[in-house]
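Listed below, chain by chain, are the residues.
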Amino acid sequence: MKFVFTPLNTADATNVAHWRYPEAYATYNMSATDMEEILDPRSPHYSVRNEQAELVGYFGYGTSALIWGSEQASLYIEDHVIAVGLGMRPELTGQGLGLAFVQAGLDFARQQFAPKAFRLYVFPWNQRAIKVYQKAGFQTVGTRKGQEGVFLEMSMPA
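Just so it is clear, the structure is predicted and the values come from calculations on it, not from any experiment.

Criteria and cut-off values
- Along each chain, numbering runs from 1 in the same order as the chain's sequence is written.
- Totals for whole chains, interfaces and linings use every residue, but because this is a predicted model, local features are given only for residues with pLDDT of at least 70 and side-chain atom pairs only at 80 or more, for both listing and counting.
- Note that water and hydrogens are dropped before the side-chain values are worked out from all heavy atoms of the structure.
- Working definition: helices are DSSP H or I runs of at least four residues, strands are E runs of at least two. Numbering for both runs from the N terminus.
- To sort residues, take the accessible area from a 1.4 Å probe on protein chains only and compare it with the maximum for the residue type: under 20% means buried, over 50% means exposed, and anything in between is partly exposed.
- Whether two residues are in contact is decided by their heavy atoms: any pair within 4.5 Å suffices.
- For every accessible area listed, the method is Shrake-Rupley and the probe measures 1.4 Å; residues are considered covered only by the protein chains on display.
- The arc in question is the one traced by the directions running from the helix axis out to the C-beta atoms.
- The nonpolar core is taken to be a set of buried Ala, Val, Leu, Ile, Met, Phe, Trp, Tyr and Cys residues, with the residues joined through side-chain atoms within 4.5 Å.
- Stacked, tilted and edge-to-face are the three classes applied to pairs of Phe, Tyr and Trp rings, where Trp contributes its six-membered ring and a pair requires centres within 6.5 Å; stacked means planes under 30 degrees apart, edge-to-face means over 60, and tilted covers the rest.
- Should the NZ of a Lys or the CZ of an Arg lie within 6 Å of a ring centre and within 35 degrees of the ring normal, that charge is described as sitting over the ring.

Participant: Could you give an account of the overall build of the chain, with specific residues and numbers?
Facilitator: Of the regular secondary structure elements, the chain holds 4 helices and 7 strands. Written out in order from the N terminus, the α and β elements of the chain read β-α-α-β-β-β-α-β-α-β-β. The principal-axis extent of the C-alpha atoms belonging to the chain is close to 35 × 30 × 30 Å. Considering the chain as a whole, with its 158 residues, one finds that 47% of them fall into the buried category. Counting contacts in the chain only where the partners sit at least 6 residues apart, residues at least 24 apart contribute 62% of the total. By element, 50% of the accessible surface of the chain is carried by carbon and sulfur atoms, the whole surface being about 8,200 Å².

Now the structure itself:
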């Protein structure tokens, strides 16, 4: 599947904010405050569409992907290290698209931003996502306490 990245606009952000994930994954549902943050261009977000131009997900790069929040929005969280946040449309999750989706988001970031490394944070109970991240090349480097609990911190060289 080919994925097309474009800067996230208000219409797509509104669409994403209305996505509702089932059961335990409901923690990934967005609020109005989240929508404001994902539209801040200093920590850019991108809509991801499939070949039929359907919105299938989004990627966020930079401080907005940090689990502890940041008063200063920026792309890099330290020397050319980019934090990555992402979401896939709920009805597409669990269908084997995750690895291609993650790899496309990392490839896009490599081309656009030339980072040295990537970092992401995931709940330890989200084994489905962790397996995808590991297949993409991420390794667990520790745990971090965030606003919503404890997360695995995963990292990989770009």
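Participant: How would you explain helix α4 (residues 127-136) if you had to name every residue and give the values?
Facilitator: The set of residues buried in α4 consists of Ala129, Ile130, Val132, Tyr133 and Ala136. Down the axis, α4 shows its buried residues gathered within 160 degrees of arc, on one side only. Structural note: α4 exposes Lys131 and Lys135 on the side pointing more than 90 degrees away from its buried face. Those residues of α4 that are buried lie in contact with β4 (81-88), α3 (98-113), β5 (117-122) and β7 (149-157). Positive backbone phi, approximately 115 degrees, marks Gly137, located one or two places after α4.

Participant: Go over the side chain of Ser64 with me, naming the residues and quoting the values.
Facilitator: By the secondary structure assignment, Ser64 is in the loop between β3 (55-61) and β4. On the basis of relative accessibility, which here comes to 16%, the residue Ser64 falls in the buried class.

Participant: Go over the nonpolar core with me, naming the residues and quoting the values.
Facilitator: What tends to happen in soluble globular proteins is that the nonpolar side chains get buried as a cluster. Residues Phe5, Tyr61, Leu106, Phe118, Val122, Tyr133 and Phe138 are the most contacted members of the largest nonpolar core, which totals 31 residues. Sorting the residues of this core by element identifies β2 (45-49), β3, β4, α3, β5, α4 and β7 as the ones contributing at least two each. Among the elements that make up this core, the one with the highest residue count is α3 (7 residues). Not counting chain neighbours up to four residues away, the residues in contact with Phe138 comprise Leu106, Phe118, Arg119, Leu120, Tyr133, Met154, Ser155 and Met156. Core analysis: the next-biggest nonpolar cluster, separate from the first, contains 10 residues, Ala13, Ala17, Tyr21 and Leu55 among them.

Participant: Provide a residue-level description of the packing of aromatic side chains, including the pertinent values.
Facilitator: Here the structure, examined in full by the defined rule, presents 19 aromatic pairs. Between Phe108 and Phe113, the aromatic rings sit 6.5 Å apart at their centres with planes inclined by 90 degrees, giving edge-to-face as the arrangement. Among the aromatic residues, ring-to-ring pairing joins Phe3, Phe5, Tyr46, Phe59, Tyr61, Phe101, Phe108 and Phe113 into one connected group. The ring of Tyr25 carries the charged tip of Arg128 above its face, separated from the ring centre by 4.5 Å.

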